[in-house]
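# Close look at the chain arrangement
What follows is each chain in one-letter form.
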Amino acid sequence: AGAGRGAPGATMAANATLLERSAAMFARSAAHGSAAVAGGGDFSSGAYSYARWGEWPSPVGLTLGILAVAFVQVFVVAYHAWRVSALKGGEYSESYAARNRIQKVGRAPYAFMPMLREHLGSVEGFVLLGAYLSGTWMFDLMPSSYYSFEGGVNLAHVAAQMLVQDAVQAAMHLLEHKLHPKLYRASHKPHHRFLNPCLFDAFNGSVGDTVCMILVPLYITANAVHCNVWSYMAFGAAYANWLCLIHAEYDHPWDPLCRLLGVGTPADHHVHHRLFVYNYGHIFMYWDRLLGTYRAPEDVRQFVNYSGVAKGAIANGAIAKGGGEAPTAAPLARRPAAAAAS
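Residues numbered from 1 in each chain as written. Predicted model: local features only at pLDDT ≥ 70, side-chain atom pairs only at ≥ 80, totals over all residues. Heavy atoms only, no water.

Glancing now at the overall build of the protein chain. A tally of regular secondary structure across the protein chain gives 14 helices and 2 strands. Counting every position in the protein chain, which comprises 342 residues, the buried fraction comes to 46%. Once local pairs closer than 6 in sequence are excluded, the contacts in the protein chain between residues at least 24 apart make up 71%. A total of about 16,300 Å² of accessible surface is found on the protein chain, and carbon and sulfur atoms cover 68% of it. (Helix = DSSP H or I, 4+ residues; strand = E, 2+ residues; numbered from the N terminus. Buried < 20%, exposed > 50% of the residue type's maximum accessible area, 1.4 Å probe, protein only. Contact = heavy atoms within 4.5 Å. Areas by Shrake-Rupley, 256 points an atom, 1.4 Å probe, with all protein chains shown as cover.)

Bringing a nonpolar patch on the surface into the picture now. A cluster of nonpolar side chains, Val-123, Val-127, Val-207, Val-211, Val-216 and Ile-220, forms an exposed patch at the surface whose accessible area comes to about 420 Å². For the nonpolar patch, the secondary-structure elements that each account for two or more residues are α5 (123-138) and α8 (207-224). The greatest single-element share of the nonpolar patch, amounting to 4 residues, is contributed by α8. Looking at where Val-123 falls in the secondary structure, it is placed in helix α5. (Patch = residues over 30% accessible without salt bridge, like charges linked within 9 Å, V, L, I, M, F, W, Y side chains within 5 Å. Salt bridge = Lys/Arg side-chain N within 4 Å of Asp/Glu carboxyl O.)

Looking now at the confidence of the model for the protein chain. For the protein chain, per-residue confidence averages 82 on the pLDDT scale, and residues scoring 70 or more make up 74% of the total. Taken together, the stretch residues 1-8 has pLDDT below 50 and engages in 0 contacts with residues farther than four places along the chain or on a different chain. (pLDDT = per-residue confidence, 0-100.)

A few words on empty space enclosed by the protein. Counting across every chain of the model gives 6 cavities of 30 Å³ or more. Looking at the largest cavity, its volume works out to about 210 Å³. Lining the largest cavity are 18 residues, with Gly-65, Val-69, Leu-133, Tyr-232 and Gly-236 sitting closest to its centre. The dominant element in the lining of the largest cavity, judged by the number of residues it contributes, is helix α9 (residues 229-245), at 8 residues. Its residues placed into classes, the lining of the largest cavity shows 14 nonpolar, 4 polar and no charged. Reported here for the second largest cavity is a volume of approximately 170 Å³. Around the second largest cavity sit 18 residues that line it, and His-191, Ala-202, Asp-209, Met-213 and Ile-214 are the ones nearest its centre. Residue assignment for the lining of the second largest cavity shows that the elements contributing at least two residues are α6 (155-178) and α8. Per-class residue counts for the lining of the second largest cavity are 5 nonpolar, 11 polar and 2 charged. (1 Å grid on protein atoms, 1.4 Å probe; cavity = no way out; pocket = protein on both sides within 12 Å on 5 of 7 lines; lining within 4 Å. Points joined across faces, edges and corners; volume = space filled by probe spheres on them. Nonpolar A, V, L, I, M, F, W, Y, C, P; charged D, E, K, R; others polar.)

Attention now moves to the environment of His-252. When you line up the elements, His-252 lands in the loop between α9 and α10 (255-261). Note: C-alpha distance between His-252 and Arg-101 (151 residues apart in sequence) is 9.8 Å. The contacts of His-252, once residues within four sequence positions are left out, are Tyr-79, Tyr-96, Leu-245 and Pro-266. Looking at His-252, its side chain comes within polar contact range of the main-chain oxygen of Leu-245, at 3.0 Å. (Polar contact = N/O pair within 3.5 Å; in protein donor to acceptor, adjacent residues only side chain to side chain.)

This part is about the pattern of salt bridges. This structure, assessed with the given rule, holds 2 salt bridges. Measuring nitrogen to oxygen at the nearest pair gives 2.8 Å for the salt bridge that ties Arg-107 to Asp-201. Here the residue Arg-107 occupies a position in the loop between α3 (96-99) and α4 (112-121), and Asp-201 occupies one in the loop between α7 (181-188) and α8, the gap between them amounting to 94 residues. A relative accessible area of 1% means that Asp-201 is categorised as buried.

Before going further, it helps to examine the nonpolar core. The nonpolar side chains of a soluble globular protein tend to be buried, and buried together. In this structure, Leu-129, Leu-199, Ile-214, Leu-218, Tyr-232, Tyr-239 and Tyr-250 are the most contacted members of the largest nonpolar core, which totals 49 residues. For this core, the elements supplying multiple residues, two or more each, are α2 (60-84), α3, α4, α5, α6, α8 and α9. Looking at this core, the element that brings in the most residues is α9, giving 11 residues. Look past the residues within four positions of Tyr-232 in its chain and what remains in contact with it is Tyr-132, Leu-133, Met-142, Tyr-146, Gln-161 and Cys-227. Judged by nonpolar contacts, the second largest core, of 12 residues, contains Leu-275, Phe-276, Val-277 and Tyr-280. (Core = buried A, V, L, I, M, F, W, Y, C linked by side-chain atoms within 4.5 Å.)

A word on the packing of aromatic side chains. All chains considered together, the criterion is met by 15 aromatic pairs. On the numbers, 5.1 Å between centres and 70° between planes, the contact of Phe-71 with Phe-75 is edge-to-face. Taken together, the residues span about one helical turn, with Phe-71 and Phe-75 both in helix α2 at a distance of 4 residues. For Phe-71, a relative accessible area of 53% translates into the label exposed. With relative accessibility at 52%, the residue Phe-75 sits in the exposed group. With a centroid separation of 5.9 Å and an interplanar angle of 85°, the aromatic rings of Tyr-96 and Tyr-250 are classed as edge-to-face. Placement of Tyr-96 in helix α3 and of Tyr-250 in the loop between α9 and α10 is noted, with a sequence separation of 154 residues between them. This pair shows no difference in class: Tyr-96 is buried, exactly as Tyr-250 is. (Phe/Tyr/Trp six-rings, centres within 6.5 Å; stacked < 30°, edge-to-face > 60°.)

In structure tokens:
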């Protein structure tokens with residue numbers, strides 16, 4: 001009898017809880033729709049795919065996004081191994097990387113597997129990036145539309161994310177160089193010890209540098225461009241792996257097309273590593289052209305494709321103006337005479 005009397009009360013409580021959850025979901029859906037419309041998305045015509053684990057977002061989208069980055073990274077690493085390897089047991093000097101090197105004094109050969117392990121396991125690299133992705137996703141810090149599986153990859157959204165991310169990253173990059181010497185030494189200088197970087201140096205720097213130049217721009221971009229989870233995955237996979245490719249010590253076959261479109265190339269980024277005060281953009285060179293900080297690789301004396309018509313500011317490969325510290329002169333002076341003559 002007691003159970004019979006308690007049943008209606010339990011049913012009413014359950015119904016009230018259901019109504020509360022339904023109201024919360026409706027409010028959340030309305031917010032998602034507003035965000036999607038504001039971001040240019042078309043999420044208003046269907047139900048959202050909110051697979052949640054109780055009060056937490058489902059990690060399915062997060063897991064797929066991390067796997068997408070890892071999947072593309074496998075191909076990037078395989079491509080890099082192919083480029084730095086010499087065919088038929090030949091010397092490194094016979095490899096594609098050596099024959100198509102960017103700087104006249106090429107990057108010295110290195111042990112591939114130890115460098116790969118350092119690249120993948122560095123705290124300031126994929127470890128910190130994975131922690132950021134997990135934290136912002138699982139704590140519901142991303143805009144609502146990012147949790148939606150509606151639709152597919154929207155290329156316009158991916159392009160918008162790339163543009164916003166690179167613009168903010170270029171601004172943060174410039175600030176790290178110019179704001180204060182202490183900031184530069186503590187954050188970005190560790191990455192600038194590579195005057196002639198290789199692909200595995202892409203995320204080799206400091207935790208502060210990754211936070212300033214990658215994580216802060218990522219969060220600003222997420223709140224500026226509202227898209228679904230598929231477009232977020234495509235952007236993340238393309239962005240993270242392009243940062244690796246532009247640190248390669250050699251030219252890529254597609255670089256002429258990239259330069260025609262204003263997309264950053266390894267040679268463009270090597271200009272920054274060698275001279276420090278040019279080419280702050282990574283994915284695109286548009287911002288540097290607007291700010292007057294772009295320098296073409298063929299204008300740098302230390303580069304293989306040097307045209308012989310150097311600009312006055314870098315006639316001797318030296319930095320002509322401030323911007324953090326500029327320890328390029330000493331390393332260049334220590335080069336062997338034969339290499340310098342080349």
